[in-house]
Amino acid sequence: MSAPTFFIAGYWGFGNVGDEAVLAVTISDIRSLFPDARIIVTSERPTVTETMHGVEAVGWRALNEFLPALSESDHVIVGGGGLWNSYFSPSLTTILSDTSNYAEHIYTIPAIARLLEKPVTIYCVGGGVINGDAMRELAALGLACASRILVRDRRTLEFFQNDLAVSQPLVVGDPAFRLQSATTELDGIADVVSWADREQPLIAVVRPWMGYSITHLAKHLEPVLASASRLLGKPVLFISFDQAMHDADELSDDAQLIQAVCSHLPEDIRTRTFTEEVHPSSILRLIESATAVISMRLHGCILAASAAKPLLALECDAKVGAVLSDIGLEDHVVKLSAMNPTVCDAVLVRAMTTAGLAVSSSAADYAKVLSSQAPPLLAKAVAEATVPAVPSALSNLVPRLVSRSLRTHSLVTQNLPLFATVARDAVNGGNVKLARAMLAILRMYDAECGEWYYLEAVANASEGGPSDYTFTMLEKARVLGFDETWIRYVRACTLVRIGRLEAAIAERDAARAAAGSHPAIPSFDAAF
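What counts, and at which threshold
Residues numbered from 1 in each chain as written. Predicted model: local features only at pLDDT ≥ 70, side-chain atom pairs only at ≥ 80, totals over all residues. Heavy atoms only, no water. pLDDT = per-residue confidence, 0-100. Contact = heavy atoms within 4.5 Å. Helix = DSSP H or I, 4+ residues; strand = E, 2+ residues; numbered from the N terminus. Polar contact = N/O pair within 3.5 Å; in protein donor to acceptor, adjacent residues only side chain to side chain. Salt bridge = Lys/Arg side-chain N within 4 Å of Asp/Glu carboxyl O. Patch = residues over 30% accessible without salt bridge, like charges linked within 9 Å, V, L, I, M, F, W, Y side chains within 5 Å. Areas by Shrake-Rupley, 256 points an atom, 1.4 Å probe, with all protein chains shown as cover. Buried < 20%, exposed > 50% of the residue type's maximum accessible area, 1.4 Å probe, protein only. Arc of directions from axis to C-beta. Phe/Tyr/Trp six-rings, centres within 6.5 Å; stacked < 30°, edge-to-face > 60°. Lys NZ or Arg CZ within 6 Å of the ring centre and 35° of its normal.

### Describing the confidence of the model for the protein chain
Thought 1: Mean pLDDT for the protein chain: 87, with 89% of residues reaching 70 or above.
Thought 2: Long-range and interchain partners of residues 517-524, a stretch whose pLDDT sits below 50, account for 13 contacts in this model, where long-range means more than four residues apart.

This is the structure in C-alpha cells:
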C-alpha cells in the first residue's frame with residue numbers, strides 16, 4: 001500500500017498560537033502513524049504554514065485553490081480548535097466563494113469530501129455556539145458527512161448530541177496538551193528565553209473580548225496583574241497569542257491590549273512583551289519557565305496545564321471552563337466579569353501550595369492520556385476508509401457546487417461515476433432534491449447518457465411533477481438507447497396518475513413484452 005495523502009482543513013495560517021499548536025500536534029500524529037504520508041493543509045498564508053510546519057499548503061478562500069488537493073487525498077481531516085462556533089448566518093451567494101466566512105467554508109469541506117467519497121475525520125474540535133438556523137443546518141451537515149467525530153471536551157459532546165443531533169462523537173481532549181517544547185532552533189527567541197529562565201516571570205496571556213473596549217478591559221486587568229506580580233515577586237511577561245496578522249506597522253488585537261495594560265500598570269511592576277510569530281513549541285518553552293500563568297485564551301491555559309504550571313484562567317468564553325473542568329482544574333477558573341485582585345490572588349496562592357501543585361501535575365498527566373486516544377482512533381478511521389450514507393441535507397448544497405468552480409473544473413469529469421452513484425442512490429431512496437441536483441451535473445457533462453434523463457423522469461414523476469416533462473425526459477432517454485422496458489414502465493405509471501388508463505395498460509403490456517429475460521420490475525402492477 002502506498003503512503004496515504006491527508007488533506008487537513010482548519011483555522012491555520014492566521015497567526016493564532018493555539019490553532020498552530022493543534023496543527024503541529026495533528027501533523028505529528030499523522031507522521032507517527034504514517035511516516036511517509038503526504039500532508040496538505042489549507043491556510044490563510046500557505047507559504048508561512050509550509051515554512052513553520054514542513055508540509056504542503058494551499059489557500060482556503062476559493063474552491064479552485066483547495067479542491068485539487070482535496071481530490072488527491074485519501075483521507076480528510078477537519079480540525080481541531082473551536083471550529084463549531086459561529087456568530088454569522090450563511091448565504092448561498094457566498095458559500096464556496098472567496099467572500100465566504102470561515103464557518104461556511106469549514107462546514108462545507110466534509111460535504112465536498114463526501115461527494116468525492118473521501119472519508120472524513122472531525123479531529124478534536126470544540127463547539128457550543130452557532131447562531132441562526134441556516135448555519136446550524138450547515139454545521140450539522142458537515143458532521144453528518146464525517147466518518148468519525150472526535151471532540152475536545154464534554155461541552156462540545158453535549159452540544160453535538162443535543163443541538164446538532166450527532167450520536168457518535170467521542171471526547172479525546174485537545175491535541176495541544178501533547179505539544180512538545182522547543183529544545184533546539186531557538187534563534188530569534190534565545191534572548192527572551194534566557195531572560196525568562198533567569199526571571200521565572202508571571203506569564204500573562206490576554207485578549208480583547210466582546211462587550212469590552214480595549215481601554216475598559218485594560219483597566220480591569222491592571223489591578224489583577226499588578227497584585228499577582230507583587231504576590232509572586234516576579235515581573236510580568238506578556239505573550240501575544242494573536243500574531244503577525246497585520247501590517248508591520250500595526251499591532252495585533254492582543255498586542256494592542258497588552259500595550260494598553262502596560263500603560264496602566266504602576267512603575268514598580270516590571271514587564272516584558274513577546275509578540276513575534278514563532279512555532280508554538282517555542283511559546284511552550286517560554287511557559288515552562290514561568291512561576292505561574294494567567295491566561296484569558298484557552299490555549300494559554302492548555303499549554304500552562306500541560307506544563308503543570310500554577311494557573312489562573314480568566315474565563316471570557318465558556319470553552320475555557322469546559323476544557324479545564326474535564327481535566328480537574330475547574331477551581332482555577334474565574335469568570336472575567338467576577339475577577340478582582342482578592343479572588344485571583346487566592347486562586348494563585350492555592351495553586352502554588354504543595355496540594356495545588358499536585359493537582360496541576362495530575363491534571364497534566366490526565367490531559368495527555370486523554371489526548372493520546374486520538375491518534376489510534378485516526379489510524380482506525382484511515383484503515384476502515386468508510387464514508388457515511390449521503391445526508392438528505394446535502395441536496396441544499398449541491399446546486400451551489402454546480403454554480404461555483406466545480407462547473408468548470410476538470411475534477412467533475414473525473415468523478416462522474418461517483419456523482420452517478422449518488423444520483424441513483426438518491427432516486428432509489430426518494431431524496432428527489434439531491435437526485436435532481438446531481439443529475440443536473442451529470443446531464444451537463446455527460447449529455448449522451450440516456451440513464452440521466454430516465455432518472456430525471458423518475459425523480460420528476462415521484463414528486464408529482466408535470467407529466468409532459470416526464471414524457472419528454474423519457475423520450476430523450478429512449479433516443480439515447482436507454483432500456484425501453486423501464487421507460488415504458490415509468491410511462492405507464494405516469495399515465496395512470498393522469499387518468500389515461502387504457503394508454504397505461506397498453507404501455508404496461510408493451511413493457512412486459514419487451515422485458516423478455518429482463519429482471520422483474522418492482523411493483524409493476526402496483527399502479528393498476
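Read on for the rest.
### Brief notes about the side chain of Ser-43
Thought 1: Mapped onto the elements, Ser-43 comes out in strand 2 (residues 38-43).
Thought 2: Within the structure, Ser-43 has its side chain in polar contact with the side chain of Thr-49 (distance 2.6 Å).
Thought 3: Residues contacting Ser-43, with those up to four places away along its chain left out, are Trp-12, Gly-13, Thr-49, Ala-57, Val-58, Gly-59 and Trp-60.

### Here we look at the pattern of salt bridges
Thought 1: A complete count under the given rule lists 21 salt bridges for this structure.
Thought 2: One salt-bridge network, in which partners are shared between bridges, spans Glu-484, Arg-488, Arg-491 and Glu-507.

### With respect to a nonpolar patch on the surface
Thought 1: Together, Tyr-87, Phe-88 and Met-210 give the surface a local cluster of nonpolar side chains, amounting to about 350 Å² of exposed area.
Thought 2: Residue placement: Met-210 occurs in the loop between strand 9 (202-205) and helix 8 (214-232).

### What to know about helix 2 (residues 46-53)
Thought 1: Those residues of helix 2 that sit buried are Thr-49, Met-52 and His-53. The arc that holds every buried residue of helix 2, seen down its axis, measures 75 degrees, which confines them to one face. With respect to the buried face of helix 2, the exposed residues turned more than 90 degrees away are Thr-47 and Thr-51.
Thought 2: Residues of helix 2 that are buried sit in contact with helix 1 (17-33), strand 2, strand 3 (56-59) and helix 10 (280-287).
Thought 3: Once helix 2 ends, the next one or two residues include Gly-54, with phi positive near 70 degrees.

### Structural notes on the packing of aromatic side chains
Both the distance between ring centres and the angle between the ring planes are used here to describe each pair of aromatic rings.
Thought 1: Taken as a whole and judged by the stated rule, the model has twelve aromatic pairs.
Thought 2: Look at Trp-84 and Tyr-107: their rings are 4.9 Å apart centre to centre, the planes differ by 40 degrees, and that puts the pair in the tilted class. A residue pair is termed long-range when its members are at least 10 positions apart, and Trp-84 in strand 5 (residues 81-86) and Tyr-107 in helix 4 (residues 102-115) qualify at 23 residues. The same class applies to Trp-84 as to Tyr-107, namely buried.
Thought 3: Ring plane angle 25 degrees and centroid distance 4.5 Å describe the contact between Tyr-454 and Phe-482, whose orientation is recorded as stacked. Of this pair, Tyr-454 sits in helix 20 (residues 450-462) while Phe-482 sits in the loop between helix 21 (467-479) and helix 22 (484-497), and the two are 28 residues apart along the sequence.
Thought 4: By relative accessible area, which is 9% here, Tyr-454 ends up buried.
Thought 5: Look at Phe-482 and you get partly exposed, because its relative accessible area is 22%.
Thought 6: Feature note: the residues Tyr-11, Phe-14, Trp-60 and Tyr-102 constitute an aromatic cluster, connected by ring pairs.
Thought 7: Above the ring of Phe-471, the side-chain terminus of Arg-491 is found at 4.8 Å from the ring centroid.

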